[in-house]
Amino acid sequence: MSIIRIPGDPPLEVTLRRSARARRYSLRVSQLDGRVTLTLPQRAPEADGLAFVREKEAWIRRHLSDRPEDHVVRAGGTVPYEGRALPLVPGTGRTPQLREGGLAVPGPAEDVPPRVLAFLKTRARARLAAAADGHAAALGIGYRRLTVREARSRWGSCSSRGDLMFAWRLIMAPPEVLDYVAAHEVAHLVEMNHSRRFWAVVGGLMPGYEAPRAWLRANGSALHRVRFGD
């Protein structure tokens, strides 16, 4: 992959991705993070790709302008946490602490975003592990390991070896949404498909899962628009 930059106000960054299966140029503007990607055939000249991007510059800028604004985490602002906007207030000590008035974050303003990010990832792992453990126990089964990471394309996954993966950004959603994703992936330990049997397992673990599932479909992209200076 490579990146080309188009001057303007603001400048555009376009990631070039070559694909052996591509037969023509294609542009994509991600609604998650605003990333612009140009896919081009394996042997296509990069200069032709640049010309294609310039031709489509107005289209790119229109899609970027239609995209909702990012939520930038900063000192004195808020961060989504368990479905609510959590105020970020000055704190003392070494790590952020939940208080009645919000999340108390120690240190200078420039340290607030990375410290809030670390806090959220730690909380996400603890909550997801507890939820997965509870659902697995309800089914009388176990899983091999659990990982929590940044995930753009899915909220969770379950491998055939029994490994569970979850997106840490679920900690920003309402608790029942996190619990639904945990139930969904644990159910795959029994049914590695999306058959009626699978959804029956999910329903047994979490009756009424349809509501949090719908919330995630409607609001999940907003969680990806929360930025920590990364």
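Check the entry above for the structure.
Cut-offs and rules
Residues numbered from 1 in each chain as written. Predicted model: local features only at pLDDT ≥ 70, side-chain atom pairs only at ≥ 80, totals over all residues. Heavy atoms only, no water. Helix = DSSP H or I, 4+ residues; strand = E, 2+ residues; numbered from the N terminus. Buried < 20%, exposed > 50% of the residue type's maximum accessible area, 1.4 Å probe, protein only. Contact = heavy atoms within 4.5 Å. Expected span 1.5 Å × (residues − 1). Pairing = 2+ DSSP bridges. Axes fitted to C-alpha atoms, helices over the stretch in contact; angles between N-to-C directions. Parallel < 35°, antiparallel > 145°, perpendicular 65-115°, else oblique. Left-handed = near helix turned anticlockwise from the far one by under 90°. Nonpolar A, V, L, I, M, F, W, Y, C, P; charged D, E, K, R; others polar. Phe/Tyr/Trp six-rings, centres within 6.5 Å; stacked < 30°, edge-to-face > 60°.

A. Spotlight on the overall build of the protein. Scanning the protein from N- to C-terminus turns up six helices and 13 strands. Principal-axis analysis of the C-alpha atoms places the extent of the protein at approximately 60 × 50 × 30 Å. Burial analysis of the protein (230 residues in total) assigns 42% to the buried set. In the protein, once contacts between residues fewer than 6 apart in sequence are set aside, the share between residues at least 24 apart is 48%.

B. The arrangement of helix α3 (residues 112–139) in detail. Here α3 is 28 residues long and its end C-alpha atoms lie 41 Å apart, about the 40 Å a rise of 1.5 Å per residue gives. Burial in α3 covers these residues: Val112, Pro113, Val116, Leu117, Phe119, Leu120, Ala124, Leu128, Ala131, Ala132, His135 and Ala136. Positive phi appears at Gly140, one or two residues downstream of α3, with a value of about 70°.

C. Representation of the pairing of strand β1 (residues 2–6) in the model. Alignment of β1 against strand β2 (residues 12–19), held across five bridges, turns out to be antiparallel. When the sheet's bridge partners are listed, Ser2 is paired in β2 with Leu16. Two successive antiparallel strands, β1 and β2, enclose a turn made up of five residues, where Gly8 displays a positive phi of approximately 155°.

D. Expanded view of the sheet that holds β2. The four strands are arranged β1-β2-β4-β3 in an open sheet whose pairing can be described as mixed. Two strands bound the open sheet, and with one partner strand each, they are β1 and β3 (26–29). Going across the sheet, the axis of each strand differs from the next one's by a mean of 30°, ignoring polarity. Packed onto the sheet, helix α2 (residues 57–66) meets β1, β2, β3 and β4 (36–41) and runs at close to 20° relative to β3.

E. Inspection of the packing of α3 against helix α4 (residues 175–187) at higher detail. Direction vectors running N to C along α3 and α4 enclose 45°, while the axes themselves pass 9 Å from each other. Taken together, the axes of α3 and α4 lie oblique to each other. The chirality of how α3 crosses α4 is right-handed. Taken together, the residues of α4 that come into contact with α3 (itself represented by Arg127, Leu128, Ala131, Ala132, His135, Ala136 and Leu139) are Leu178, Asp179, Ala182, Ala183 and Val186. Classifying every residue of the contact of α3 with α4 by side-chain character gives nine nonpolar, one polar and two charged.

F. Structural view of the packing of aromatic side chains. Summed over all chains, the structure comprises six aromatic pairs. Among the aromatic residues, those joined into a ring-pair cluster are Tyr180, Phe198, Trp199 and Tyr209.

G. Up close: the environment of Leu98. Along the chain, the position of Leu98 falls in strand β8 (residues 97–99). For Leu98, a relative accessible area of 29% translates into the label partly exposed. Sequence separation of Leu98 and Leu86 is 12 residues, and the distance between their C-alpha atoms is 9.3 Å. With residues up to four places along the chain from it excluded, the contact list for Leu98 reads Tyr81, Leu86, Leu103, Phe119 and Arg123.

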